[in-house]
4 protein chains.
Amino acid sequence: MFGSSFGTLFKITTWGESHGKGLGVVVDGCPAGLPLDERDIQIFLNRRRPGQSRYTTQRKESDTVEIFSGVFEGKTTGTAISMLVRNEDQQSKDYSEIASYYRPGHADLNFDIKYGFRDYRGGGRSSGRETIGRVAAGAIASKILQELGISITTYTQSIGPVAIDYDRFDADQILQNAVYMPDADAANQAMAYLESCMQEQNSSGGMIECRVQNMPAGIGDPVFEKLNTNLGKAILSIGAIKGFEIGDGFQVAKATGLSNNDCYQMGADGKIEKISNHSGGITGGMSDGCEIILRAAVKPTPSISATQKTVNQAGENIEINIKGRHDPVIVPRAVVVVESMVAITLVDMLFAGMFSKLDRIIEFYK
Amino acid sequence: MFGSSFGTLFKITTWGESHGKGLGVVVDGCPAGLPLDERDIQIFLNRRRPGQSRYTTQRKESDTVEIFSGVFEGKTTGTAISMLVRNEDQQSKDYSEIASYYRPGHADLNFDIKYGFRDYRGGGRSSGRETIGRVAAGAIASKILQELGISITTYTQSIGPVAIDYDRFDADQILQNAVYMPDADAANQAMAYLESCMQEQNSSGGMIECRVQNMPAGIGDPVFEKLNTNLGKAILSIGAIKGFEIGDGFQVAKATGLSNNDCYQMGADGKIEKISNHSGGITGGMSDGCEIILRAAVKPTPSISATQKTVNQAGENIEINIKGRHDPVIVPRAVVVVESMVAITLVDMLFAGMFSKLDRIIEFYK
Amino acid sequence: MFGSSFGTLFKITTWGESHGKGLGVVVDGCPAGLPLDERDIQIFLNRRRPGQSRYTTQRKESDTVEIFSGVFEGKTTGTAISMLVRNEDQQSKDYSEIASYYRPGHADLNFDIKYGFRDYRGGGRSSGRETIGRVAAGAIASKILQELGISITTYTQSIGPVAIDYDRFDADQILQNAVYMPDADAANQAMAYLESCMQEQNSSGGMIECRVQNMPAGIGDPVFEKLNTNLGKAILSIGAIKGFEIGDGFQVAKATGLSNNDCYQMGADGKIEKISNHSGGITGGMSDGCEIILRAAVKPTPSISATQKTVNQAGENIEINIKGRHDPVIVPRAVVVVESMVAITLVDMLFAGMFSKLDRIIEFYK
Amino acid sequence: MFGSSFGTLFKITTWGESHGKGLGVVVDGCPAGLPLDERDIQIFLNRRRPGQSRYTTQRKESDTVEIFSGVFEGKTTGTAISMLVRNEDQQSKDYSEIASYYRPGHADLNFDIKYGFRDYRGGGRSSGRETIGRVAAGAIASKILQELGISITTYTQSIGPVAIDYDRFDADQILQNAVYMPDADAANQAMAYLESCMQEQNSSGGMIECRVQNMPAGIGDPVFEKLNTNLGKAILSIGAIKGFEIGDGFQVAKATGLSNNDCYQMGADGKIEKISNHSGGITGGMSDGCEIILRAAVKPTPSISATQKTVNQAGENIEINIKGRHDPVIVPRAVVVVESMVAITLVDMLFAGMFSKLDRIIEFYK
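About the thresholds
- Residues numbered from 1 in each chain as written.
- Chains lettered and ligands numbered in written order.
- Predicted model: local features only at pLDDT ≥ 70, side-chain atom pairs only at ≥ 80, totals over all residues.
- Heavy atoms only, no water.
- Helix = DSSP H or I, 4+ residues; strand = E, 2+ residues; numbered from the N terminus.
- Buried < 20%, exposed > 50% of the residue type's maximum accessible area, 1.4 Å probe, protein only.
- Contact = heavy atoms within 4.5 Å.
- Least-squares fit on C-alpha atoms with pLDDT ≥ 70 in both.
- Salt bridge = Lys/Arg side-chain N within 4 Å of Asp/Glu carboxyl O.
- Polar contact = N/O pair within 3.5 Å; in protein donor to acceptor, adjacent residues only side chain to side chain.
- Nonpolar A, V, L, I, M, F, W, Y, C, P; charged D, E, K, R; others polar.
- Axes fitted to C-alpha atoms, helices over the stretch in contact; angles between N-to-C directions.
- Parallel < 35°, antiparallel > 145°, perpendicular 65-115°, else oblique.
- Left-handed = near helix turned anticlockwise from the far one by under 90°.
- Pairing = 2+ DSSP bridges.
- Disulfide = S-S within 2.5 Å.

## Structural notes on the environment of Phe2 of chain B
Here Phe2 of chain B lies in the segment before β1 (5-6). Among the residues examined, Phe2 of chain B registers a relative accessible area of 9% and is labelled buried. When the C-alpha atoms of Phe2 of chain B and Asn177 of chain B are compared, they prove to be 38 Å apart, with 175 residues separating the residues in sequence. The contact partners of Phe2 of chain B, leaving out residues within four places of it in the chain, are Thr8, Asp221, Glu225, Ala352 and Phe355 of chain A together with Thr8, Leu9, Asp28 and Gly29 of chain C.

In structure tokens, the structure reads:
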């Protein structure tokens, strides 16, 4: 396996298992001069921390981050930034049973096939805890974006049958309810739906939506490093995500050129502007100056207590009820993971966007 | 721009513009010993060649491929394979007008912003002709997969409102109708729909579906080089694609763990098998031995003759009617592009799957 | 084999065999706006063209380059630039004999081991003709450097026992003698030495030196992408090169800190300057503002007509006399190859040097 | 800066500064099933640990390594292995003075130019302590090589004017003297020479030699990922190394084809063998089955107590005497660093050597 790194110029390398000593990330390519301390990272990590509500695992983890390198006197130095979060509540006794069988919807069997055996404690590397490194790195990327005037808003768009109503959209709501919805009413309905799932020892899927404001136009590199391509790769690398779309997404399949094209006009400020934004802010693989809008479909938590059929390592058909402390829905805690991966990708591609014109390179080195 | 390469171990580098001298690709990492000649490539290229039906551009191109390196006495040598297709029917006079304004839904404006100017002849690098290099490389990847017993079936799943009926699914139909649908009735309806689009000087979107048979399990590298991740990147790098999903895709958002998990049982052959395939053949980022199923949403051709608003380079609001020889739908010719990108990705990841276990490496070098 | 690409941001992908249809390169990452036409490339290619003197192979090749993409109306567009040189004088009949045995000092046997068979015509991919792609790309890199005010001087430092005398150093001489020495007297002696080698059906090694003027300080990325590291990789990727050194090079092994350190002083222009340049312009892996100086040791041409022992494919000990049109020395024609690889590396690392400081990135995107 | 990773398939990412909290590495691409615990790593780290003799810095560091991930029940799992060594004896007060001026031979000034400021404590990222991550990763790579039957011998070839006598070569001596020489007499002379350097507050350069036994033939990927190319990159990425050569190295410049070519003969075992090994085990960029031999020239420690001229941050010419705990010679502690980088490179390229032939890939996946 050599799949622990993401990004070309702003590059992250994550490591760690659910029940090992800890998890972390090395961020390479962060420019010098960014004010940074552990609190900047902690704010992001707290958004994915377990035990925050009834709808997340009750595992007790403070997820306290420690920065080991790359920061000196409160600023990034330009060298690799290593960050570490120790596991505190491994309780690996809970997981002794699952060593013997293959959990439906999990990577257990594939790990055995690929590697010959697996770290069966809590999913090992394929646990949701794997995203700690992504989020810690995402906090840094987000700070860089902020310095460039770019902001990201990410939230739960739906849980099971409950979707937000855009007429009630209120960004301030996002961090105020346990399901990170920008619509208090929908949040309440979603929580009620989750209660019913939990009662049935079942779990729910959902949808995450992400919007980026103030992205400069022309970012993204045809033909294989388009902005949408790399955002897609970023999002689809997150466990449990089965679909990705940008702008009108799957709706375009039924659209026509006339209904889907974004026409241009001169804006009040004398700049060219798009009249509509079906493209979701990316045209021809490059940011087009409009708001970037993307969505990800998240599958239901595969670990459920309801009875399921499976096979054990002895090759026998068995029925199981998975115990342990599992989230009834992945979506809310994945919101900050999506935001982090988007931020990392945008920073990477903004850096890549600095040498498309010779005259700007000459100017840079003058 | 440095986005012309795709893949890590089986790596392609494409080049060429719509109205330049030609287009091509360098394939690096093709193993030695694969029987290969120009006919193998031509079969693939013919599937995306223009002028094959009423529903494709009437530009006259034979798209004849020439292999320049990496093949000796009918076999690949292990060195880089360079392939070239010359443009024959550039007719760049048709495109002189579009130099002066920005076509809605195209990359024109972004190219000007990013590079300071653009090759305005037929979209330059962002033309659909860009995919010639992908398809030529895809033909090689497909031959390798064939040697490994892996096959791919790709087709049009829908055009505008017309979708195939899976009860009438007939793979033999795919290459027998102009819209590459595995359902003759749906194909006829789709063609009728396209006629109506053409009459309205409009165009249509659609959906492509791709299935892979006999993929070995355990391929894909957590956490950033998952099989679905790289398939997503591959597909989303194709122009006009706005959405990607695998298996149940966006349906998972409304599913529950019980309905979405694929349970296991012992098969008649004594091997573990999945009872269902909601995952679309990829679990935990690795192939799980089942058929891989993925879908891509393709936007309508942005070049339409109907009147559209836009802005010219003088900064004036204008109305335009784009002339030229454009496809009323992108989907059918993109089918082989999707198949090619899938094949390239699978070969790349199969190679990457060869050093996950120490004992197999020791065995290899014994 | 997947080793046909070099560089990260300014990336070249070369292809082609000695006796195939042609050779070429795809240059990806060239910024838009560089004036470029075939003559710029041809000047470089002519410096490595065969048949220029008694001391190069008599193979007749015009090495005429054709640009296929990435240039529009005389300027680079920012898209991939594909260049092609056709082989004209393959004469592969000359090479039929060598198919049966392994030439000492060549890659023949290794190719058979690695790939199962080989393109035996003239060395195939491991021929010196492989460098055509490097030189064509190097011409572009050199033009970019020129726009940035950076210049490179490369020349033969020694051939066999004959080295240049730095007191007679005359850069204007380099292109005026057949061995590319900046010292007319040494050049004459070197040519006399080559005559004696040729009479003995033998060949000679030699040394190439390269100097870079006006390189900005601070370029190079600790700890694995140092400037010297990548220059070393670039040079050591050229066939026949067995040693690389920078600045005082191997002399440092016998030096002391006092004799080897470059002390600093304030210059007349109020800038800090180094009093000496033992480091060869690179300190701590980064350019230090002084002239960059590097040297490469080139082995003698392995193809010689004198009798040599070897083994044939039947496993018999035999004696051979290699026929064909071989250079008695590799060095002179490799001078422009070294210069090209240095230019490519410098451009790549200059681009990589654009995002080390946050404030400059903010300024860039303002 | 994005230069913290090395390798393609077996990839290491190092981080950490001389006086930060610690240093470490993430190893990605280690196959599953390798027995591994902290003692395997510690043996390697102890070979570069400070305070072992009069000739190394007296800084007190146990350099105790902790493995955080990728190992389960005593075996590697195939996931990323994160390792950490905490700094224990930072004593950063020693370094407060050097914040104000630029040390000759160090990266201080370049860091300020590149990043705007620097972590001035003990050289920060450009300290010799940076190599801890390389050596920890090298220990793993060496274990893999051992499983494949490949061994590496590395030692000091010379210190200042004192070189080993190959007639007295005794590999067992290497770990038995403070300067890691395979010749007890030379070691004593070298130590005497170092005493004289120390008395003069000066330091010494030297040479390291490395030999690899039992490397399979055909490893290395023409034309840019040759084995010698990547070994060169690996070695030249180590601080203080100014020259690299393979086999006869710089001697080839004065050699002839007849003297330099390695002729072939049939061996007693019925296999083709080289009669000589001027190539140093690498021909045409691929291992040729013979012992690989390479050498690196190491500059003298730049930190010396003798008086040197430099400039301070106020722009004044000053004279300095660097205090602190510095090694009078870098070579002995760099021996294990060279061995580690060679091991990492060999593993990476052995993995890359697994898909050169189609039939072996087919066999693998059967």
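Anyway, onward from the coordinates.
## Things to note about the relation of the copies chain A and chain D
For the pair chain A and chain D, the best superposition has an RMSD of 0.0 Å and corresponds to a rotation of 180° with a translation of 0.0 Å parallel to the axis. The symmetry that links the two subunits is that of a two-fold axis. An overlap of 100% is found between the interface residues of chain A and their copies at the interface of chain D, pointing to a shared contact surface.

## Side note on the pattern of salt bridges
Side-chain pairs of opposite charge can arise whenever the charged atoms involved come near each other. Taken as a whole and assessed by the stated rule, the structure comprises 100 salt bridges over all chains. As a salt-bridge pair, Lys233 of chain B and Glu225 of chain A come within 3.2 Å of each other at their nearest N and O atoms. Of the two residues, Lys233 of chain B is situated in helix α5 (residues 227-236) and Glu225 of chain A in the loop between β10 (206-213) and α5 (227-236); the pairing between them involves two chains. Neither Lys233 of chain B nor Glu225 of chain A differs from the other in exposure class; each is buried.

## Brief notes about the interface of chain A and chain D
Contacts between chain A and chain D engage 46 residues on the former and 46 residues on the latter. The tally of links from chain A across to chain D stands at 2 salt bridges. The interface formed by chain A and chain D includes 13 residue pairs in polar contact (both at pLDDT 80 or more). Looking at the side of chain A that touches chain D, the elements with two or more residues in it are β2 (11-16), β3 (22-28), β4 (65-67), β6 (75-76), β7 (81-86) and α2 (108-115) of chain A. Considering every element that reaches the side of chain A that touches chain D, the biggest residue donor is β2 of chain A, with 5 residues. Here the side of chain A that touches chain D is built from residues that sort into 16 nonpolar, 17 polar and 13 charged.

## Observations regarding the packing of helix α3 (residues 131-147) of chain C against helix α7 (residues 331-352) of chain C
All names here are of chain C. The interhelical angle for the contact between α3 and α7, taken along N-to-C directions, is 50°, at an axis separation of 7 Å. On the basis of their axis angle, the class for α3 and α7 is oblique. Note that α3 runs across α7; the crossing there is left-handed. Here Thr131, Arg134, Val135, Ala137, Gly138, Ala141, Ser142, Ile144 and Leu145 of α3 lie close against α7, whose contacting residues are Val336, Val337, Ser340, Met341, Ala343, Ile344, Leu346, Val347 and Leu350. Here the residues of the contact of α3 with α7 sort into 13 nonpolar, 4 polar and 1 charged.

## Remarks on the pairing of strand β8 (residues 151-159) of chain C
All names here are of chain C. With respect to burial, β8 is a largely interior element, 7 of its 9 residues being buried. Two elements, β8 and strand β9 (residues 162-163), share 2 bridges in a ladder whose sense is antiparallel. Each bridged residue has a counterpart across the sheet, and for Ile159 the counterpart in β9 is Val162. Hairpin connection between β8 and β9: a loop of 2 residues separates the two successive antiparallel strands, and Gly160 in this loop has a positive phi of roughly 50°.

## Details of the sheet that holds strand β4 (residues 65-67) of chain D
All names here are of chain D. As summarised here, the arrangement of the 5 strands in space is β1-β2-β3-β7-β4, forming an open sheet in which the pairing is antiparallel. Among the strands making up the open sheet, the edge pair consists of β1 (5-6) and β4. Alignment of β4 against strand β7 (residues 81-86), held across 3 bridges, turns out to be antiparallel. When the sheet's bridge partners are listed, Val65 is paired in β7 with Val85. Contacting β4 and β7, helix α1 (residues 38-48) crosses the sheet at an angle of about 150° to β4.

## As for the state of the cysteines
Residue and element names in this part refer to chain C. Going through the model one piece at a time under the given rule, you end up with 0 disulfides over all chains. Between Cys210, a free cysteine, and Cys290, which holds the nearest cysteine sulfur, the sulfur-to-sulfur gap is 16 Å. For Cys210, a relative accessible area of 0% puts it in the buried group.

## Notes on α2 of chain A
Within α2 of chain A, 7 of the 8 residues are buried, which leaves it mostly tucked inside the rest of the structure. Every buried residue belonging to α2 of chain A is among Asp108, Leu109, Asn110, Phe111, Asp112, Lys114 and Tyr115 of chain A, and all of these are buried. Against the buried residues of α2 of chain A lie β12 (264-266), β13 (272-274), β14 (282-283) and β15 (286-287) of chain B. Two residues or fewer after α2 of chain A comes Gly116 of chain A, characterised by a positive phi angle close to 90°.

All we've got here are geometric facts, nothing functional implied.
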